[in-house]
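Notes for the structure review
One-letter residues, chain by chain:
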Amino acid sequence: MSAENRTIRIATRKSALAMWQAEYVQSQLLRHHPHLTVELLPMSTQGDKILDTPLAKIGGKGLFIKELEIAMLEGRADIAVHSMKDIPVEFPHAFGLHAICPRENPFDAFVSNSVTQLDDLPHGAVVGTSSLRRQSQIRKYRPDLTIRDLRGNVNTRLAKLDNGDYDAIILAAAGLIRLGMPQRIVQQLPADISLPAVGQGAVGIECRNDDDELIALLQALNDPQTHLRVSAERAMNARLEGGCQVPIGSFATLDGDTLTITGMVGKPDGTKLIYASATGKAHRAEGLGIEVAEALLAQGAKEILQALYE
Ligand SMILES: NCc1[nH]cc(CCC(=O)O)c1CC(=O)O
């Protein structure tokens, strides 16, 4: 049987956003390779089951992908589809990211039912986010606001806002757009207020490193520009040893073959945020990411990050 006639099984989490991403990859695979059969294998992961404990305590974001990797090792699935911002810097060695799809809106979205921009929230208003990165930046910009924890998938978070538990919440614009709710974005937060997470808005495809035939099929779905930008951002994160749940932002842009990357590390209480940028030829994406990490380390990034683990 030729590669073009294979059956590709996609392991995915069951959340609405994960399912959207898996279906997107399914449709793109069929568009480029019409003779494939592409099936979805929706799975519950440890990360989805344990909702009441902070992620950092139960093993971090790797928990959301381990079951998917076991399914691939056991031959029940061929690929796994992930939000790039949710996957750890390092992969188990048998696996790799073999395609990164075109990036959706990478910015954070301010979502509220009462005001139309962050600046209009009254003093003391309650903003929901569990992201240390968002918390740090919002506190810096509006030290008068109260930040309250907010976990769950996108729909759960929106329901908590609509219940009146928060005056506003911060979500990734990409998730809202993909789930068909762009009208929920009342303000797109610019990078100088909320620098996005590493890989935010990009979807990656993981498979076993030894499946050459499949890796070749996936190349049609890879977007080289997104790949370069996300590679720079992930290289920065790797150099900072920024695992899961860290107050780190990283955002790369491309202008022709010139790549610019900006990084940020912040104290969760918003009292100290450090920034660095680098610009250079796009083929040096990873080197530029590492340069930014070094510049952040020179300004005290390590001390900020270490304090979090104590
Ligand atoms: N951590 C949850 C998560 N993972 C991916 C997205 C959507 C954005 C993306 O694909 O980068 C979201 C929601 C959010 O952060 O608001």
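From a predicted model like this one, the values you see are computed outputs, not experimental measurements. (Residues numbered from 1 in each chain as written. Predicted model: local features only at pLDDT ≥ 70, side-chain atom pairs only at ≥ 80, totals over all residues.)

**Here's the deal with the site of the ligand**
In plain terms, the rule: Residues are counted as near a molecule or strand when the C-beta atom, derived from backbone positions, lies within 6 Å of that molecule or strand. Put simply, DSSP marks the helices as runs of H or I at least four residues long and the strands as runs of E at least two long, and each gets a number from the N terminus on. The classification used treats Ala, Val, Leu, Ile, Met, Phe, Trp, Tyr, Cys and Pro as nonpolar, Asp, Glu, Lys and Arg as charged, and all other residues, Gly among them, as polar. Domain start and end points were adopted from an automatic or database domain assignment.
Taken together, Leu 17, Ser 83, Lys 85, Asp 86, Val 154, Leu 171, Ala 172, Ala 174, Gly 175, Gln 200 and Gly 201 make up all the residues around the ligand. Elements represented by at least two residues in the shell around the ligand include exactly strand 8 (168–172) and helix 7 (173–178). When its residues are assigned to classes, the shell around the ligand shows five nonpolar, four polar and two charged. Here the shell around the ligand spans two domains, and each of domain 1 (3–101 + 202–222) and domain 2 (108–189) adds at least three residues to it.

**Points about the confidence of the model for the protein chain**
Spelled out, the test is: The score called pLDDT rates the predictor's confidence residue by residue, from a low of 0 to a high of 100. We call two residues in contact whenever the C-beta atoms placed from their backbones are within 7 Å.
Scored by pLDDT, the protein chain has a mean of 93; 93% of the residues are at 70 or more. Confidence drops under pLDDT 50 across residues 54–59; counting only partners more than four residues distant or on other chains, this segment forms nine contacts. Model confidence for the complex: the whole-complex pTM is 0.93, and ipTM, which rates the interface, is 0.94.

**Things to note about the sheet that holds strand 5 (residues 108–112)**
Defined as follows: At least two DSSP bridges between two strands are needed for those strands to be called paired. Between N-to-C directions, angles cover 0 to 180 degrees, with each direction set by a line fitted to C-alpha atoms, over the stretch in contact for helices.
The sheet built from five strands is open, its strands ordered 7-6-8-5-9 with mixed pairing. On the outer flanks of this sheet lie strand 7 (146–148) and strand 9 (187–189), each paired with one strand and no other. Going from strand to strand, the sheet's axes swing by 30° on average, the running direction of each strand aside. Where strand 6 (residues 126–128) lies against strand 8, two bridges are found, and the strand directions are parallel. Of the residues in strand 8, the one forming a bridge with Gly 128 is Ile 169. Strand contacts of helix 5 (residues 132–141): strand 5, strand 6, strand 7 and strand 8, with the helix running at about 170° to strand 7, the strand carrying the most contacts. Those strands touched by helix 6 (residues 154–162) are strand 5, strand 6 and strand 8, and its axis lies near 165° from that of strand 8.

**What about the nonpolar core?**
Just so we agree on the cut-off: Connectivity within a nonpolar core runs through C-beta atoms within 7 Å, and the core itself is a set of buried Ala, Val, Leu, Ile, Met, Phe, Trp, Tyr and Cys residues. Exposure classes come from backbone-placed C-beta atoms, where a residue is buried if 20 or more other C-beta atoms lie within 10 Å of its own, exposed if 12 or fewer do, and partly exposed in between.
One finds Ile 10, Ile 79, Ala 80, Val 81 and Ile 205 to be the most contacted residues of the largest nonpolar core, which totals 31 residues. Put simply, the parts of the chain that give this core at least two residues each are strand 1 (7–13), helix 1 (16–32), helix 4 (66–73), strand 3 (79–83), strand 4 (95–100), strand 10 (203–208) and helix 8 (212–218). In terms of residues, this core owes the most to one element, helix 1, which gives five residues. Ile 205 has contacts with Val 25, Ile 79, Val 81, Leu 97, His 98, Ala 99, Leu 218 and Leu 221, leaving out every residue within four places of it along the chain.

**Re helix 10 (residues 285–298)**
Let me state the cut-off plainly: Expected helix span is computed as 1.5 Å times (number of residues minus one).
When the terminal C-alpha atoms of helix 10 are compared, their 20 Å separation across 14 residues agrees well with the 20 Å that a helix rising 1.5 Å per residue should span. Every buried residue of helix 10 is accounted for by Ala 285, Leu 288, Gly 289, Glu 291, Val 292, Ala 293 and Leu 296. For helix 10, the elements touching its buried residues are helix 9 (224–239), strand 12 (258–266), strand 13 (273–281) and helix 11 (301–309). Positive phi appears at Gly 300, one or two residues downstream of helix 10, with a value of about 105°.

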